[in-house]
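Structural description and commentary
Below, each chain spelled out in residue letters.
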Amino acid sequence: MISLIHKSGCLLQIRRSGASNISLIGSLSCASFPTSEKRCIASQSLPRSTWNSSGCNNSAADTTINAYRPAIVARRKIHHHTTVPSKLCKDASTALQLSGLKSGDTVAVGGFGLGGIPETLLNTLSAWEDGPSNLTVASLTAGVDGFGLGKLFECGKVKRMISSYVGENKNFERMFFTGELEVELVPQGTIAARLRAAGAGQPAIFTPAGAGTCYANGGIPLKYAPDGTVAVHTKPRPTQVFDGKEYVMEYALRPDVSLVKAYKADTRGNLVFRGTSSNANPDCAVAGKVVIAEAETIVEAGELDPDEIHLSGVYVDHLIHAENNEKRIERLRETDAGKVMDISGPRGRIVKRAAKEFRDGMYVNLGIGDTFDSLQASSFIPEGVHIELQAENGLMGLGPYPDPSLGQIADPDFINAGKETVTAVAGASSFHSSESFNMIRGGHMDLTILGGMQCSSSGDLASFFIPGKLLKGMGGAMDLVSSPSTVVVTMEHTAKDGSHKILEECTLPLTGKGVVDRIITDMCVFDCDKRGLNNGGLTLIEIAQGITIDDVRAATSCSFDVVEGDIPLMEEP
């Protein structure tokens, strides 16, 4: 008979039967798990010399522990025989100094827009006189002027930014086009996946996002000269074909230091996130060589139920309290009960036709912009059709904008991909960025509807960048359109200046090559044979009232076929 005291305080009585069996025979009492009813799990610790490099036991005896009925214990705080080490630092300045951050390092920063950003750490780093400079910063978005990451750019500490979307930061855009800042635009899902790969010890990943575009082929401006000319372009990325489909090889992104934000933490660094404020925070944390987390609430080790912890403290090196916790809302959107948005004219025609794409039970991503706003607020979704909307920043079950008349308060921890305040429907779930894009790339979404600047007759889409004029970034669009889901593009048929947007070949940098299944405009609906099953090209399948085929041809810079028989008319809003 062997009696062992487990580190949790459990008494283990182990009987050895010959050399072939070890079994638990004693009762187990444990206070290690703080919930009212939790299974007490005990383990036997064997000398390290008996284990080989693969984690297997090398001793002659079979050390399998027989199954036993776990004890049920009442909730109470953990009582340790030794003091549990704490990762809590007194302030952000101390944590940053302990991290060893130095000039030239790469820093990953959690957050999406202003949601879930580590405000305290960013404010302290920005104000650090003679602190680290020439930093490379990796973050999903670039934030806004004068707040969060915006402060870091303004104080001149950043040399290069790796991001997917920078459209709301005017100072950032100015710095880029005048050569003060290098910008490496990377698809949002790719950033998250590269971070996850680093945390998993994987050197690289393969993704379809950006394949066949200038993102993979090289040529996107990386740095401008002061006179506005392009000084440096991106280089081609390695690609590989699997099962007839091209994939881009992306190297893992291993930051020297990661700065993340959590809703709650314990002193051991275990983290809990809330709503869409999770976003890329867990992905940044698993990837960093050194990780600093700030949390709104910090409790003693043992006060968090193990099942409520989203990220293990094994990934966190230093912890601080979030002293700066403004949690600014970037785009406050609210609605009134029973009020239906008045959507008329060409825009209403597009939205009403887009709503006919929905089928009951679909999982749908609507992208961002006017079509999303309109579908959210209109009554165009067919009666009896239930769809579940996904926001790629980490929410499945996207609900309407909050309604103050119903007691709903705008919550900065629940935003959509357009950084607007939203609600979550019953049965919704939240998750981190890499999981969100796993759903997309893995074919778990049924339908993607998004806007575009240009479409080609072969299903190419351009939607993120006008060289020298407009810097937005691809956001999650490259991931969405390269996924197995059906892709529908909604846009006005011509630009405001009358120039054509449906072309034989796109003249703007591509978001996706051969990815569009259907184009819905204010003039008509085209089906796109992107796989060339019927010799490729576009087919006109619906037309707006009062519009002729000749009108469509005059506004379209490519040839197209026309559906046989009478052409169905698009419904008016």
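What comes next concerns the included structure. (Residues numbered from 1 in each chain as written. Predicted model: local features only at pLDDT ≥ 70, side-chain atom pairs only at ≥ 80, totals over all residues. Heavy atoms only, no water.)

Structural notes on the packing of aromatic side chains
Taken as a whole and assessed by the stated rule, the structure comprises 8 aromatic pairs. Between Phe-153 and Phe-172 the ring centres are 4.9 Å apart and the planes differ by 70 degrees, which places this aromatic pair in the edge-to-face class. A residue pair is termed long-range when its members are at least 10 positions apart, and Phe-153 in helix 3 (residues 149-154) and Phe-172 in helix 4 (residues 170-177) qualify at 19 residues. We note that Phe-153, like Phe-172, is buried. An aromatic cluster of at least three residues, connected via ring pairs, comprises Phe-176, Phe-177 and Tyr-224. For Arg-333, the ring lying beneath its charged end belongs to Tyr-401, and the centroid distance is 4.5 Å. The ring of Phe-112 carries Lys-419 above its face, with NZ or CZ at 5.2 Å from the centroid. (Phe/Tyr/Trp six-rings, centres within 6.5 Å; stacked < 30°, edge-to-face > 60°. Helix = DSSP H or I, 4+ residues; strand = E, 2+ residues; numbered from the N terminus. Buried < 20%, exposed > 50% of the residue type's maximum accessible area, 1.4 Å probe, protein only. Lys NZ or Arg CZ within 6 Å of the ring centre and 35° of its normal.)

Quick look at the sheet that holds strand 8 (residues 204-207)
One open sheet accounts for 3 strands, arranged 8-12-11; its pairing is antiparallel. Each end of this open sheet is capped by a strand with a single partner; those strands are strand 8 and strand 11 (239-242). Within this sheet the neighbouring strands show an average axis-to-axis angle of 35 degrees, counted without direction. Two strands pair when backbone bridges link them, and strand 11 and strand 12 (residues 245-251) are joined in this way by 4 bridges, in the antiparallel orientation. (Pairing = 2+ DSSP bridges. Axes fitted to C-alpha atoms, helices over the stretch in contact; angles between N-to-C directions.)

Brief notes about the packing of helix 5 (residues 188-199) against helix 10 (residues 433-441)
Look at helix 5 against helix 10: their axes get within 9 Å of each other, and the N-to-C directions meet at 120 degrees. Regarding the angle of helix 5 to helix 10, the classification is oblique. Handedness of the crossing formed by helix 5 with helix 10: left-handed. Across the interface between the two elements, Gln-188, Gly-189, Thr-190, Ala-192, Ala-193 and Arg-196 of helix 5 pack against Ser-433, Ser-434, Phe-437 and Arg-441 of helix 10. A class-by-class count of the residues in the contact of helix 5 with helix 10 yields 3 nonpolar, 5 polar and 2 charged. (Parallel < 35°, antiparallel > 145°, perpendicular 65-115°, else oblique. Left-handed = near helix turned anticlockwise from the far one by under 90°. Contact = heavy atoms within 4.5 Å. Nonpolar A, V, L, I, M, F, W, Y, C, P; charged D, E, K, R; others polar.)

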